[in-house]
Amino acid sequence: MITVTAMKWAPPFAAGQVRDHRVRWILNEVDWPYEIRLVDAPTMKSSGYYGELQPFGQLPVLQEDGRPPIFESGAIVLDVAMRAGRCIGAEGTPERAAALQWVIAGLNSVEPTLFNVAEVEYFMDDDEARNARRPLVVQQAKERLAMLEDARAGRDWFVGDGFTVADLMLASILKTADRLKLLDELPTLADWHRAILARPAHVKAEQDQKAEIARHTPTDMRYDAVAQEAAP
Ligand SMILES: N[C@@H](CCC(=O)N[C@@H](CS)C(=O)NCC(=O)O)C(=O)O
């Protein structure tokens, strides 16, 4: 049986976007059954977790009987797709290379620009510093998204004639852009995004994650226990 770690609770802006949704999504696409292991903050920061499952004390991690655990949402998505032989083009083909390329491009060239904006909007307390940084990071993110849309060139899929992990990863990453209103000036990219997210495999992944988060509260994450441990 496959088990995927997920958070007991996440803040409202993150519900549906915590990265285990990518893993649930690809598992739903390839129709592999899995269970969710909900974890709290002290568990993620425990030596048993970062020592054996995820060296940075984060999630998601995919555990499977008879195999070493695997972390990094991108790596897990690629591993599942390759082993299932679905959504990733055949081994050795240009489609496989292009699918890998777009997954890495999403994680390495698109997502960081969106995080810069997210940091400004969600995590900076100093209003003056926030207002000073905002124009630059918003402009950089918008430029990168416009280039992404140019590269898609009106096609329904980033690779070949059907859905691949390239579409999955880019659509997953663009959830942050959508939430930050960065797709408003790119209506055709926004249309593509909506169409990819309407896939039943994604709808179920997102609904399941949101439902688990809604069943819990910040207290269930036990952040206080982590703070106590870290105190001098
Ligand atoms: N590059 C990693 C990032 C993992 C990550 O940032 N996970 C977040 C949830 S989306 C997390 O575990 N946050 C809790 C923490 O860092 O303590 C991946 O894609 O798997």
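Model, not experiment: these values are computed from the prediction. (Residues numbered from 1 in each chain as written. Predicted model: local features only at pLDDT ≥ 70, side-chain atom pairs only at ≥ 80, totals over all residues. Heavy atoms only, no water.)

(A) Just the sheet that holds strand 3 (residues 61–64), in detail. A sheet is described by the order of its strands in space; here four strands give the open sequence 2-1-3-4, paired in mixed fashion. The sheet is open, and its two edges are formed by strand 2 (34–39) and strand 4 (67–71), each paired on a single side. Across the sheet, the mean angle separating the axes of adjacent strands is 25° when strand polarity is ignored. In terms of strand pairing, strand 3 meets strand 4 through three bridges, oriented antiparallel. Residue pairing across strands places Val 61 opposite Phe 71, the latter belonging to strand 4. (Pairing = 2+ DSSP bridges. Helix = DSSP H or I, 4+ residues; strand = E, 2+ residues; numbered from the N terminus. Axes fitted to C-alpha atoms, helices over the stretch in contact; angles between N-to-C directions.)

(B) Structural context of the nonpolar core. With 53 residues, the main nonpolar core has Trp 25, Ile 26, Leu 145, Val 165, Leu 174 and Leu 182 as its most contacted residues. Of all the elements in the fold, those that place two or more residues in this core are strand 1 (2–7), helix 1 (20–30), helix 4 (73–84), helix 5 (94–123), helix 6 (127–152), helix 7 (165–179), helix 8 (187–197) and helix 9 (200–214). With nine residues, the top contributor of residues to this core is helix 7. Counting the residues that make up this core, at least three belong to each of domain 1 (2–86 + 202–230) and domain 2 (94–199). In contact with Leu 174, other than residues within four places in its own chain, are Val 110, Leu 145, Leu 148, Leu 183, Leu 189, Trp 192 and His 193. Counting 14 residues, the second largest nonpolar core, distinct from the first, contains Trp 9, Ala 14, Tyr 49 and Ile 213. (Core = buried A, V, L, I, M, F, W, Y, C linked by side-chain atoms within 4.5 Å. Buried < 20%, exposed > 50% of the residue type's maximum accessible area, 1.4 Å probe, protein only. Domains from an automatic or database assignment. Contact = heavy atoms within 4.5 Å.)

(C) Helix 4, seen in detail. Its twelve residues give helix 4 an end-to-end C-alpha distance of 16 Å, which sits within 8% of 16 Å, the value for a rise of 1.5 Å per residue. Every buried residue belonging to helix 4 is among Ser 73, Gly 74, Ile 76, Val 77, Leu 78, Asp 79, Val 80 and Ala 81, and all of these are buried. Looking at the buried side of helix 4, the elements it contacts are helix 1, strand 3, strand 4, helix 5 and helix 7. Downstream of helix 4 by one or two residues, Gly 85 has phi in the positive range, about 65°. (Expected span 1.5 Å × (residues − 1).)

(D) Summary view of helix 6. Taking 1.5 Å per residue, 26 residues should reach 38 Å; helix 6 reaches 36 Å between its end C-alpha atoms and fits that length. Approximately 35° is the largest bend angle found in helix 6, and it occurs at Arg 134, with the proline Pro 135 only one to four residues beyond. Those residues of helix 6 that are buried lie in contact with helix 5, helix 7 and helix 8. Two or three places before Glu 128, at the start of helix 6, stands the capping residue Asp 126, its side-chain oxygen 3.0 Å from that residue's backbone nitrogen. Immediately downstream of helix 6, the backbone of Ala 153 shows phi near 50°, a positive value. (Bend = angle between axes of the 7 residues up to and from the residue. Polar contact = N/O pair within 3.5 Å; in protein donor to acceptor, adjacent residues only side chain to side chain.)

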